[in-house]
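Structural overview for review
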Amino acid sequence: MQNLEALRAELLASFEQAADLAALDQARVAALGKKGRLTERMKGLGTLEPDARKAAGQELNRLKGELTEALDARRAALEGGALDARLGAEKVDITLPVRPESEGRIHPISQVLDEMAAIFGDMGFAIVEGPDIEDDFHNFTALNIPPEHPARQMHDTFYFPERDDGSRRLLRTHTSPVQIRTMKAGEPPYRIIAPGRTYRCDYDITHTPMFHQIEGLVVDEHTHMGHLKGCLIDFAKSFFEVDNLPVRFRPSYFPFTEPSAEMDIGCSRDGGVLRIGEGADWMEILGCGMVNPRVLEMSGVDPARYQGFAFGLGVERSAMLKYGIPDLRTFYDADARWLKHYGFAAGDVPSLVGGLTR
Ligand code: PHE
């Protein structure tokens, strides 16, 4: 019978010589499998005298342990090598031009939301969100629009079916309920914007049943109408990228602000082309005002101590103005040609440092 030392050397060499995992497995079976060389030796133990069997058995077991370790080590080495080989083969050449199939575009709504977040973020506003499905209290009552108030009619609200307790949930008609949720959730000061979807039952060239707003809320002990104007004028200049943009604030009415205003920016419509900047015309871009003390009170904020302003901006309207998109309804047609024309390259994330639009 071959001596054990020679068998050991031969089997270890067969592991070392295995060039890949499949070959290593064959070597393993040949050594330790059911009919493997070592296994055969172990089977032969039965023919020995008890004393000799014990000694030989211990020897064979020790060798089996050694072989198993050698196998594991070789397997680990081969696996590492296989991974290295794969990593080596899977090179990415980042100098190659962008593949032609990467034609995805950022929708103008997403783009404008990102631009607005960059501008207000730079002014220190935090971004918060509220639910699309609201209740009467947050969408109306807490905003100083009690039941039967005529402002409720103006909102063309989508209601859900009545519930057992007689209440009806609704799709929020504006982002202003996020003002209430923000104030109820924590202590002043607040400086937030709340972008999101809003819903009104309306459909024509300037209205879609779903559209987007960005709400703004600033409340502390000192904020006054001058801050409101400064903040929104700065915003409009940054957003429209026109330094001497003419703006005006027209007195208006919202139940949740007092006084209330609407902000217009100057534009011209000469030759049927809308141009933002100096001109004979005005275009409304947002509603705003000082938060009505009753709203603060209903949100648990002490109106004797705190005050501030709020605004609500139409996102689609701003996008149409800035990028010359004539029909609101086309935003939601999901027409790839439209998106190719009006969309933005992915990766051009707007920032005040890098530029809003490139
Ligand atoms: N929520 C108002 C609207 O949808 C806009 C607005 C918000 C006005 C905040 C004033 C203050 O028309």
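It should be noted that the structure appears before, not after, this text.
Presented here is an overview of the structure given in this document. (Residues numbered from 1 in each chain as written. Predicted model: local features only at pLDDT ≥ 70, side-chain atom pairs only at ≥ 80, totals over all residues. Heavy atoms only, no water.)

1. Quick word on the packing of aromatic side chains
One pair of aromatic rings is described through two measures. These are the centre distance and the angle between the planes. Here is the rule we go by: Stacked, tilted and edge-to-face pairs are distinguished by plane angle, under 30 degrees for stacked and over 60 for edge-to-face with tilted covering the rest, among Phe, Tyr and Trp rings (Trp via its six-membered ring) whose centres lie within 6.5 Å. To qualify as a helix, a DSSP run of H or I must reach at least 4 residues; to qualify as a strand, a run of E must reach at least 2; elements of each kind are numbered from the N terminus. Think of it in three bands: residues with accessible area under 20% of the maximum for their type are buried, residues over 50% are exposed, and the middle band is partly exposed, with areas taken using a 1.4 Å probe on protein chains only. In our convention, an over-ring charge means Lys NZ or Arg CZ found within 6 Å of a ring centre and within 35 degrees of that ring's normal.
Inspection of every chain in the model, using the stated rule, returns 12 aromatic pairs. Pairing tyrosine 323 with phenylalanine 344 gives two aromatic rings, centres 4.9 Å apart and planes at 65 degrees, and the pair type is edge-to-face. With a gap of 21 residues between them, tyrosine 323 in helix H11 (residues 315–323) and phenylalanine 344 in strand S12 (residues 344–345) connect regions that are remote in the sequence. A ring pair is formed by phenylalanine 331 and tyrosine 332, whose centres lie 6.1 Å apart and whose planes are at 40 degrees; its orientation type is tilted. The class for tyrosine 332 is partly exposed, based on a relative accessible area of 31%. Taken together through their ring pairs, the aromatic side chains of Phe120, Phe125, Phe235, Phe239, Phe240, Phe309 and Phe311 make up a single cluster. The ring centre of phenylalanine 239 lies 4.5 Å from the NZ or CZ of lysine 322, which sits over that ring. The ring of tyrosine 203 has arginine 329 sitting right over it, with the charged end atom 5.6 Å from the ring centre.

2. Focus: helix H8 (residues 177–185)
Here is the rule: By the convention used here, residues are in contact when the closest approach between their heavy atoms is within 4.5 Å.
Along H8, the residues that are buried comprise Pro177, Val178, Gln179, Ile180, Thr182 and Met183. Considering only its buried residues, H8 is in contact with strand S3 (133–134), helix H6 (136–139), strand S5 (190–199), strand S6 (210–220), helix H10 (293–298) and strand S11 (307–314).

3. Some words on the pairing of strand S8 (residues 257–268)
Our working definition: Only strands joined by at least two bridges in the DSSP assignment are considered to pair.
Counting buried positions along S8 gives 10 out of 12 residues, so the element sits mostly inside the fold. As paired strands, strand S7 (residues 247–254) and S8 are joined by seven bridges and run antiparallel to one another. The residue bridging arginine 248 from the neighbouring strand is aspartate 264, located in S8. Between the antiparallel neighbours S7 and S8 lie two residues.

4. Observations regarding the nonpolar core
Let me state the cut-off plainly: Working definition of a nonpolar core: buried Ala, Val, Leu, Ile, Met, Phe, Trp, Tyr and Cys residues. They are joined through side-chain atoms within 4.5 Å.
With 41 residues, the main nonpolar core has Phe240 and Phe311 as its most contacted residues. If you list the elements that add at least two residues to this core, you get helix H5 (108–122), S6, helix H9 (225–240), S8, strand S10 (281–291), S11, H11 and helix H12 (336–342). It is H9 that contributes the most residues to this core, seven residues altogether. Residues within four places of phenylalanine 311 in sequence aside, it is in contact with Phe120, Phe125, Ile193, Ile214, Glu215, Gly216, Leu232, Leu286, Gly287 and Cys288.

So, to be careful, I would describe these as geometric facts and stop short of saying anything about function.
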